[in-house]
Amino acid sequence: MAERATRPRMRTATAALTALSFVGVAALAGCGSGSSGDGVSRNASASSAPPSASPSPSRSPASASGWDPRPGSVAAVGDSITRGFDACSVLADCPEVSWATGSDAGVRSLAVRLLGASKAAERSWNHAVSGARMVQLPEQMALAAKERPDLVTVMMGANDACRGSVRLMTPVADFRASFEASMRQLRAGAPKAQVYVASVPDLKRLWSEGRQDESIRKVWSLGICPSMLADADDLGPAAVARRDAVRDRVVAYNEVLRDVCAKDRYCRYDGGAVFGFRFTGAQLSPWDWFHPSRDGQARLAEIAYRTVTAAEPPA
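This one's a predicted model, so the numbers in the text were calculated from it and none came from an experiment. (Residues numbered from 1 in each chain as written. Predicted model: local features only at pLDDT ≥ 70, side-chain atom pairs only at ≥ 80, totals over all residues. Heavy atoms only, no water.)

Peer 1: Residue-level account of the state of the cysteines, with values.
Peer 2: By definition, a disulfide links the sulfur atoms of two cysteine residues through a covalent bond. Throughout the structure, instances matching the rule amount to three disulfides. Here cysteine 88 is linked by a disulfide to cysteine 94, with a sulfur-sulfur distance of 1.9 Å. With the S-S dihedral at roughly -65°, the linkage between cysteine 88 and cysteine 94 falls on the left-handed side. Cysteine 162 shares a disulfide with cysteine 225; S-S distance 2.0 Å. Between cysteine 162 and cysteine 225, the S-S torsion sits near -80°, and that sign places the bridge as left-handed. Highlighted residues: cysteine 162 in the loop between helix H5 (158–161) and helix H6 (172–189) and cysteine 225 in the loop between helix H8 (214–220) and helix H9 (226–229), separated in sequence by 63 residues. The burial state of cysteine 162 is the same as that of cysteine 225; both residues are buried. The disulfide pattern of the chain is 1-2, 3-4, 5-6 when the bonded cysteines are numbered in sequence order. (Disulfide = S-S within 2.5 Å. Helix = DSSP H or I, 4+ residues; strand = E, 2+ residues; numbered from the N terminus. Buried < 20%, exposed > 50% of the residue type's maximum accessible area, 1.4 Å probe, protein only.)

What follows is the structure, encoded as structure tokens:
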């Protein structure tokens, strides 16, 4: 059983390694900024209607806190995760499987869960850009504000930690300043838009999930998140300290997201749910073992939906 399960994975890894070697990895998170067209996509119709258990797209009254658990439109900002990068094919955005606004019936994005497939196709927008860091979020927020959405989803920060070295990671103060500027930019154009903020994923867990697989280590060695994933089999003191420094920085970024969001009455942070999610290889792209697979995108959509529709924000 174990041998049969391993062989397909190794074949996929070999194919991914070959493709990445020829094409290069400049578009991968932490290595550059790739985009598809202008970075904006609207959903195509889903291939099939959501299951009958899907929520009604009709809006419900806002809670006493002013939070509406059934927003009528969704705009997404962020990086390659929200673009569905490497979820469908190697080195390519796949916004149709985006956890936030995608149309894929298997993922059932947040927009689809909230609005239904047909309305999500008309009333959701994806302004995320692969490779983006927090310093680029204000520009995305300005574009999102122009849509006048009821809800804006934010997932940003992995690329700020995934740099060529620990020294190059975005300073926490700069991360905070850019996120605060982003919220101001949104409020200038959409003063009452609700905001869902996802925590930055636990990059050290990513390392722990794949570090013992030689084929995965070879793919990572091409330049995927070097601050965390370089020399993945090195357990020496310097390598351990480097990975701990990256994780500590991610924790600090999440504290910033929580703090800034808490100061805005229309903002809801996920309470660290994405960071704390104990993902496995099934939720990772078979091309790079870094970005979410379709299954991983679906898990992110579930977390977002629970947070957005909850009567109260996470503690």
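Moving on, there is more to tell.
Peer 1: Could you give me a rundown of the pattern of salt bridges, with the residues and numbers involved?
Peer 2: All told, the structure shown has twelve salt bridges when counted by the stated rule. The closest approach of N and O atoms between lysine 204 and aspartate 244, which form a salt bridge, is 2.5 Å. Of this pair, lysine 204 sits in helix H7 (residues 203–210) while aspartate 244 is found in helix H10 (residues 237–262), placing the two residues 40 residues apart along the sequence. The exposure class assigned to lysine 204 is partly exposed, which follows from its relative accessible area of 22%. What makes aspartate 244 partly exposed here is its relative accessible area of 30%. Among the ionic contacts, a cluster of salt bridges with common partners joins Arg176, Asp259 and Lys263. (Salt bridge = Lys/Arg side-chain N within 4 Å of Asp/Glu carboxyl O.)

Peer 1: A description of the packing of helix H4 (residues 137–146) against H6 should follow, citing residues and the corresponding values.
Peer 2: Viewed as axis vectors pointing N to C, H4 and H6 meet at an angle of 15°, and their least axial separation amounts to 8 Å. Between H4 and H6, the interaxial angle falls into the category roughly parallel. Note on packing geometry: the crossing formed by H4 with H6 is right-handed. Contacts from Leu137, Pro138, Met141, Ala142 and Ala145 of H4 reach H6 at Ser178, Phe179, Ala181, Ser182, Met183, Gln185, Leu186 and Gly189. Residue composition of the contact of H4 with H6, by class: nine nonpolar, four polar and no charged. (Axes fitted to C-alpha atoms, helices over the stretch in contact; angles between N-to-C directions. Parallel < 35°, antiparallel > 145°, perpendicular 65-115°, else oblique. Left-handed = near helix turned anticlockwise from the far one by under 90°. Contact = heavy atoms within 4.5 Å. Nonpolar A, V, L, I, M, F, W, Y, C, P; charged D, E, K, R; others polar.)

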